[in-house]
Amino acid sequence: MTESTETTAAPAAEKTPTENGTTETPPEETPEKASEEKEKETPPPKEMRAVVLTGFGGLKTVKILKKPEPTVGEGEVLIRVKACGLNFQDLIVRQGAIDSPPKTPFILGFECAGEIEQVGEGVTNFKVGDQVVALPEYRAWAELVSVPAQYVYALPEGMTALDAVAVTTNYVVAYLLLFEMANLTSGKSLLVHSAGGGVGQAVAQLAKTVDNVTVFGVCSKTKHEALKANNNNIDHLLERGSDYTNEVRKISPDGVDIVLDCLCGEECNRGYQLLKPMGRYILYGSSNIVTGETKSFFSAARAWWQVDKVSPIKLFDENKSLAGLNLRHLLFQHGRADYVRRAVDNVFALWGQGKVKPLVDSTWALEDVGEAMQKMHDRKNIGKLVLDPSLEPKPKPATPAKGKAGKEKKPAKESSEEKKDKEAKDEDKKAAEDGQKNGEKNGEEPLTNGNSDEESKEKEKESS
């Protein structure tokens, strides 16, 4: 059958002779058939795995889903992701406590590293095969990500993707805090909160690149021994939740020159009171608002109202400074990408000199991101938490453990899928029992547990 190229009129279908001499008309091509053929010709879009936030709230809103692979646009590069960085900001985003979050569902993540697969039009400073790290605004936790080239940084020779995500965000924040805002110089002292976390460790390491600097670190008591075993960058470890201000005063009666606070709330007041004249307090986070698994307006309001309002006149009288650093705003709202790039270059140079050595707490598969988030939420990590798309997820227990009485222990947390399966099984079991009862009422013999009639008779003889 031939097709006409004219659109005005279609030729009549030709009749083809059959074996018995009769003729038959071939079936006409319907629009439905044509669309089916087109679907067969057009391959389905390629998909990738990604960590998707389906709604703001607890860990159950974080899902591993298949999403279409991104396309590279003008001024962008397409990166095959090898490692992703987990930061406390990701927990705040999950709860919806961040300013101007995108509408759900969307792909999470602000930090990733990998290899460039495609280069968009207008990009001249990167090529296919380059090893890079990127700081996109969301979408980093996926197997592929397309990122504007201004937020992408070439890795120095010898730096792996895992090293890159352990270094870039944490050490760039620490570098900006110490050398751009606090003006750290020899002989000064500083206090840093969450000293066991990724940024806290970066602050301690970078501070020790300057001679005669004293570092006070505040963190959970359970982390002290591990921190002492891993490095000696923190001179004085203080217990989180204790009256650490008195401990600082015992060692340094005049206080400290710099306070770096990622907690907010009441810690702002304590930090300000610890400052020496010409001292600087810098807020770079607000993790105290994350008190539970989901967003709490009460926690956010309490953290805000606990902070004393300091007037410029008070700062003038006391010779003190207050400052703040928000890397996300600096990049995406204030347009200071070049400023951040210089900080990245300086951090990478220090890494090349061996002065920066990131501490990685643990590495997780994408499917285990919920467990990694929980560990950070509980402040149990020492160093950076990393996601690796190539890792296999942890095996899930096949059957729940049994207690002393032989009863099955219920899991601490049950997913919605597991709950549905359990409900379906219960319904099937109930239906089978109802069917058996109805059969007995109608005079039918009940089902046995696999024993034959002869076995039943033998048991009756033994019992008699």
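Our subject is the structure listed above.
These lines cover the structure that appears in this document, whether it is placed above or below. Only a predicted model underlies this, so the values are computations on that prediction, with no experimental measurement involved.

Our next topic: the sheet that holds strand S13 (residues 236–239). Here six strands make up an open sheet; going across it, the order is S13-S12-S11-S14-S15-S16 and the pairing parallel. Across the chains shown, the open sheet's two edge strands, defined by having one partner strand only, are S13 and strand S16 (321–324). Going from strand to strand, the sheet's axes swing by 20° on average, the running direction of each strand aside. The pairing of strand S12 (residues 214–219) with S13 spans four bridges and is classified as parallel. By the bridge assignment, Gly 217 is partnered in S13 with Leu 237.

Regular strands place side chains that alternate from one sheet face to the opposite one. The element strand S14 (residues 256–261) is extensively covered by neighbouring structure, given that six of its six residues are classed as buried. Both S14 and strand S15 (residues 275–283) contribute to a ladder of five bridges, which runs parallel. Across the sheet, Ile 258 pairs through a bridge with Arg 280, a residue of S15. Regarding topology, helix H7 (residues 266–274) serves as the crossover connection from S14 to the parallel S15, and that connection is right-handed.

Take the nonpolar core next. Within the largest apolar cluster, 96 residues are counted, with the highest numbers of intra-cluster contacts made by Trp 141 and Leu 190. Residues in contact with Leu 190, not counting those within four places in the same chain, are Leu 178, Leu 184, Val 203, Ala 207, Val 213, Thr 214, Val 215, Phe 216, Val 256 and Ile 258.

Checked against the element boundaries, Lys 357 lands in the loop between helix H11 (337–352) and strand S17 (360–364). Spatially, the C-alpha atom of Lys 357 lies 8.7 Å from that of Asp 163, the residues being 194 residues apart in sequence. Once residues within four sequence positions are removed from consideration, Lys 357 is found in contact with Tyr 171 and Gln 205.

Turning to unusual backbone geometry, a few remarks are in order. Residue Pro 105 is reached from Thr 104 by a cis peptide bond, and omega for that bond is 0°. When you line up the elements, Pro 105 lands in the loop between helix H2 (88–95) and strand S6 (106–107). The phi torsion at Tyr 138 lies on the positive side, around 75°, for a residue other than glycine. With respect to the helices and strands, the residue Tyr 138 is situated in the loop between strand S8 (131–134) and strand S9 (144–148). Assessed through its relative accessible area of 7%, Tyr 138 is described here as buried. Positive phi, normally seen in glycine, also occurs at Arg 379, with a value near 55°. Position of Arg 379 relative to the elements: it lies in the loop between helix H12 (369–377) and strand S18 (384–387). Taking relative accessible area as the criterion, Arg 379 reaches 17% and is therefore assigned buried.

Here the second largest pocket defines a volume of roughly 1100 Å³. Where the lining of the second largest pocket is concerned, the elements lending two or more residues are H2, helix H3 (161–181), helix H4 (198–207), helix H10 (327–332) and S18. Looking at which element gives the most residues to the lining of the second largest pocket, the answer is H10, with four residues. Its residues assigned to classes, the lining of the second largest pocket shows 21 nonpolar, 16 polar and six charged.

Okay, H7 next. Buried within H7 we find Glu 267, Cys 268, Asn 269, Gly 271, Tyr 272 and Leu 274. Residues of H7 that are buried sit in contact with strand S11 (189–193), helix H6 (244–251), S14, S15, helix H9 (312–318) and S16.

The strand order across the open sheet built from three strands is S4-S3-S6, with neighbouring strands paired in antiparallel fashion. Both edges of this open sheet fall to strand S4 (62–68) and S6, since each of them pairs with a single strand only. Inspection of the sheet shows strand S3 (residues 47–53) paired to S4 by seven bridges, in the antiparallel sense. Of the residues in S4, the one forming a bridge with Glu 47 is Pro 68.

This part takes up the state of the cysteines. Applying the stated rule across the entire model yields zero disulfides. A disulfide-free cysteine, Cys 264 has its sulfur positioned 4.0 Å from the sulfur of Cys 268, the nearest such atom.

Turning to its location among the elements, Ser 146 is positioned in strand S9. Counting along the chain gives 27 residues from Ser 146 to Val 119, while the straight-line C-alpha distance between them is 9.5 Å. When sequence neighbours within four positions are dropped, the list of residues in contact with Ser 146 reads Pro 70, Thr 71, Val 72, Gly 73, Glu 76, Val 77, Leu 78 and Arg 139. Here Thr 71 takes part through its backbone oxygen, which lies 3.4 Å from a polar atom of the side chain of Ser 146.

Criteria and thresholds
- Residues numbered from 1 in each chain as written.
- Predicted model: local features only at pLDDT ≥ 70, side-chain atom pairs only at ≥ 80, totals over all residues.
- Heavy atoms only, no water.
- Pairing = 2+ DSSP bridges.
- Helix = DSSP H or I, 4+ residues; strand = E, 2+ residues; numbered from the N terminus.
- Axes fitted to C-alpha atoms, helices over the stretch in contact; angles between N-to-C directions.
- Buried < 20%, exposed > 50% of the residue type's maximum accessible area, 1.4 Å probe, protein only.
- Right-handed = clockwise from strand over helix to strand, strands pointing away.
- Core = buried A, V, L, I, M, F, W, Y, C linked by side-chain atoms within 4.5 Å.
- Contact = heavy atoms within 4.5 Å.
- 1 Å grid on protein atoms, 1.4 Å probe; cavity = no way out; pocket = protein on both sides within 12 Å on 5 of 7 lines; lining within 4 Å.
- Points joined across faces, edges and corners; volume = space filled by probe spheres on them.
- Nonpolar A, V, L, I, M, F, W, Y, C, P; charged D, E, K, R; others polar.
- Disulfide = S-S within 2.5 Å.
- Polar contact = N/O pair within 3.5 Å; in protein donor to acceptor, adjacent residues only side chain to side chain.

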